[in-house]
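Secondary and tertiary structure notes
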Amino acid sequence: MAKYKLEYLWLDGYEPVANLRGKTQIKEFKAFPKLEELPMWGFDGSSTRQAEGRTSDCMLKPVAVYPDTTRKNGVIVMCEVMMPDGKTPHPSNARASILDDPGAWFGFEQEYFLYKDGKPLGFPEVGFPYPQGLYYTGVGYDAVGDIARKIVEEHLDLCLDAGINHEGINAEVAKGQWEFQIFGKGSKSAADQMWVARYLLMRLCEKYGVDVNFHCKPLGKDVDWNGSGMHSNFSTTFMRETGGKEYFEALMAAFDKYKNEHIAVYGPDNHLRLTGLHETQSIDKFNYGVANRGASIRVPHSFVNNDYKGYLEDRRPNSQGDPYKIASRILQTIATVPLPKKSKK
């Protein structure tokens with residue numbers, strides 16, 4: 001038997017953006033624990049805006065488990081928050097009720113800024129660095145500095161060590177801005193991995209004295225600097241295997257019809273980001289276009305060239321969005337579109 005350090009993670013009750021919380025307990029196991037071996041665990045919900053002090057108990061239900069190579073016998077346990085009975089999902093528990101489909105694939109592109117002393121890494125004490133242009137996928141100290149590269153490379157390794165489907169990294173359009181990509185099959189699995197990847201990045205930055213700023217427009221609306229999104233690439237089994245122009249056009253009509261419902265769960269303050277500038281469509285409009293990064297939905301050339309089969313990219317979700325809610329809303333809209341009668345996949 002070996003002692004394992006179990007780091008239980010959950011989302012608190014803060015609004016409009018939930019925060020990650022975590023605490024550690026030690027348990028003995030013969031080998032790396034399986035999900036079904038992990039016990040539920042309580043916490044003080046009155047300190048996380050999930051309960052009142054006079055009845056403060058909440059429960060953590062393990063839903064996904066990952067190795068943590070930064071600790072000897074380390075384990076990361078993603079959890080749902082439950083009521084004291086351990087059976088009823090807490091009102092703040094968005095994961096419990098979302099639509100899920102293992103045939104639905106999601107690729108989340110998480111953009112963020114690295115901040116130190118109240119400003120993005122590489123910004124001068126006063127004013128701004130030289131304008132955007134050379135930072136995106138930039139190379140060299142002048143473009144990306146030194147600390148940022150260390151952080152993103154180490155974060156990549158931590159995610160891969162944890163078994164997270166980390167798909168890549170790049171410096172982004174603004175100075176001090178970066179992106180990583182996470183892929184998953186099924187909305188719950190994909191979103192679990194994104195939350196754990198966010199956790200690993202935030203925890204890693206602690207030792208560098210750097211904060212991760214996930215706000216969608218941290219430099220403000222009225223400056224010529226890009227905001228941060230979490231572009232969401234998605235496909236279903238039908239979209240990948242059958243597709244077709246008729247189905248695609250019906251799907252886009254549904255996304256237009258439910259555009260307000262999408263915006264409602266695509267992250268706070270999106271009106272600051274979705275202005276029609278800086279590679280965005282206006283928040284009150286919906287459009288789509290082939291290879292158009294100023295559209296609500298970007299349609300890849302590969303999708304059209306493959307007889308309208310493959311994946312699409314919703315560019316509206318922002319960097320603070322909850323991937324559980326985003327993936328579920330996408331699936332809800334897809335579910336309103338009937339499949340052609342000749343194909344019922």
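Residues numbered from 1 in each chain as written. Predicted model: local features only at pLDDT ≥ 70, side-chain atom pairs only at ≥ 80, totals over all residues. Heavy atoms only, no water.

1. Thoughts on the overall build of the chain
Each helix and strand in the chain was counted, giving nine helices and 14 strands. Among the 345 residues that make up the chain, the fraction classed as buried is 53%. Across the chain, every contact between residues at least 6 apart in sequence was considered, and the portion connecting residues at least 24 apart equals 67%. In the form shown here, the chain has an accessible surface area of approximately 15,800 Å², with 50% of it arising from carbon and sulfur atoms. (Helix = DSSP H or I, 4+ residues; strand = E, 2+ residues; numbered from the N terminus. Buried < 20%, exposed > 50% of the residue type's maximum accessible area, 1.4 Å probe, protein only. Contact = heavy atoms within 4.5 Å. Areas by Shrake-Rupley, 256 points an atom, 1.4 Å probe, with all protein chains shown as cover.)

2. With respect to the nonpolar core
Counting residues in each nonpolar core, the largest one holds 66 residues, and the members touching the most others are Met 78, Leu 114 and Leu 312. Per-element accounting of this core gives the leading share, 11 residues, to helix α3 (residues 187-206). Formed by 14 residues, the second largest nonpolar core is a distinct cluster that contains Phe 29, Leu 38, Val 75 and Cys 79. (Core = buried A, V, L, I, M, F, W, Y, C linked by side-chain atoms within 4.5 Å.)

3. A look at the sheet that holds strand β2 (residues 20-29)
Strand pairs in the sheet, formed through backbone hydrogen bonds, run parallel or antiparallel to each other. Spatially, the five strands line up as an open sheet ordered β2-β1-β5-β4-β3, and their pairing is mixed. Single-partner strands in this sheet number two, and they are β2 and β3 (41-44). On average, adjacent strands in this sheet sit at an angle of 40° to one another, irrespective of strand direction. (Pairing = 2+ DSSP bridges. Axes fitted to C-alpha atoms, helices over the stretch in contact; angles between N-to-C directions.)

4. Points about helix α5 (residues 245-257)
Here α5 contains 13 residues, and its C-alpha end-to-end distance of 18 Å stays within 8% of the 18 Å for a straight helix at 1.5 Å per residue. Looking at α5, one finds that the buried residues are Tyr 247, Phe 248, Leu 251, Met 252, Ala 254 and Phe 255. Down the axis, α5 shows its buried residues gathered within 155° of arc, on one side only. For α5, exposure combined with an orientation more than 90 degrees from the buried face picks out Glu 246 and Lys 257. (Expected span 1.5 Å × (residues − 1). Arc of directions from axis to C-beta.)

5. Some thoughts on unusual backbone geometry
For the bond from Glu 15 to Pro 16, the omega torsion is 5°, close enough to zero to count as cis. Topologically, Pro 16 is positioned in the loop between β1 (2-11) and β2. Despite not being glycine, Asn 73 shows a phi value in the positive range, around 55°. Here Asn 73 lies in the loop between β4 (57-68) and β5 (74-82). Asn 73 sits in the partly exposed class, given a relative accessible area of 29%. At His 278, a position not held by glycine, the phi torsion is positive, near 55°.

6. Section: helix α2 (residues 147-161)
Two residues of an α-helix separated by three or four positions point the same way, owing to the 3.6 residues in each turn. For α2, which comprises 15 residues, the first-to-last C-alpha distance of 21 Å matches the rise-based estimate of 21 Å (1.5 Å per residue) to within 8%. Among the residues of α2, those classed as buried are Ala 148, Ile 151, Val 152, His 155, Leu 156, Leu 158 and Cys 159. The arc that holds the buried residues of α2, viewed along the axis, is 165°, so those residues lie on one side. Each element contacted by the buried residues of α2 is listed here: β6 (105-116), α1 (141-144), β8 (166-171), β9 (177-185) and α3. Positive backbone phi, at 80°, marks Gly 163, one or two positions downstream of α2.

7. Structural notes on empty space enclosed by the protein
A complete count under the given rule lists one cavity of 30 Å³ or more for this structure. Here the largest cavity defines a volume of roughly 40 Å³. Around the largest cavity sit Met 239, Gly 243, Gly 244, Tyr 247, Phe 248, Leu 251, Phe 303 and Tyr 308, which together line it. Per element, the largest residue contribution to the lining of the largest cavity is three residues, and it comes from α5. Among the residues forming the lining of the largest cavity, the class breakdown is six nonpolar, two polar and no charged. (1 Å grid on protein atoms, 1.4 Å probe; cavity = no way out; pocket = protein on both sides within 12 Å on 5 of 7 lines; lining within 4 Å. Points joined across faces, edges and corners; volume = space filled by probe spheres on them. Nonpolar A, V, L, I, M, F, W, Y, C, P; charged D, E, K, R; others polar.)

8. Structural notes on the packing of aromatic side chains
Taken as a whole and judged by the stated rule, the model has 20 aromatic pairs. Aromatic side chains Phe 128 and Trp 225 sit 6.1 Å apart centroid to centroid with 25° between the ring planes, which places their arrangement in the stacked category. Residue Phe 128 is located in the loop between β7 (119-120) and α1, and its partner Trp 225 is located in the loop between β10 (211-213) and β11 (230-235); the two are separated by 97 residues in the primary sequence. Trp 225 sits in the buried class, given a relative accessible area of 5%. A cation over a ring is seen here: Arg 198 above Trp 195, with NZ or CZ 4.6 Å from the ring centre. (Phe/Tyr/Trp six-rings, centres within 6.5 Å; stacked < 30°, edge-to-face > 60°. Lys NZ or Arg CZ within 6 Å of the ring centre and 35° of its normal.)

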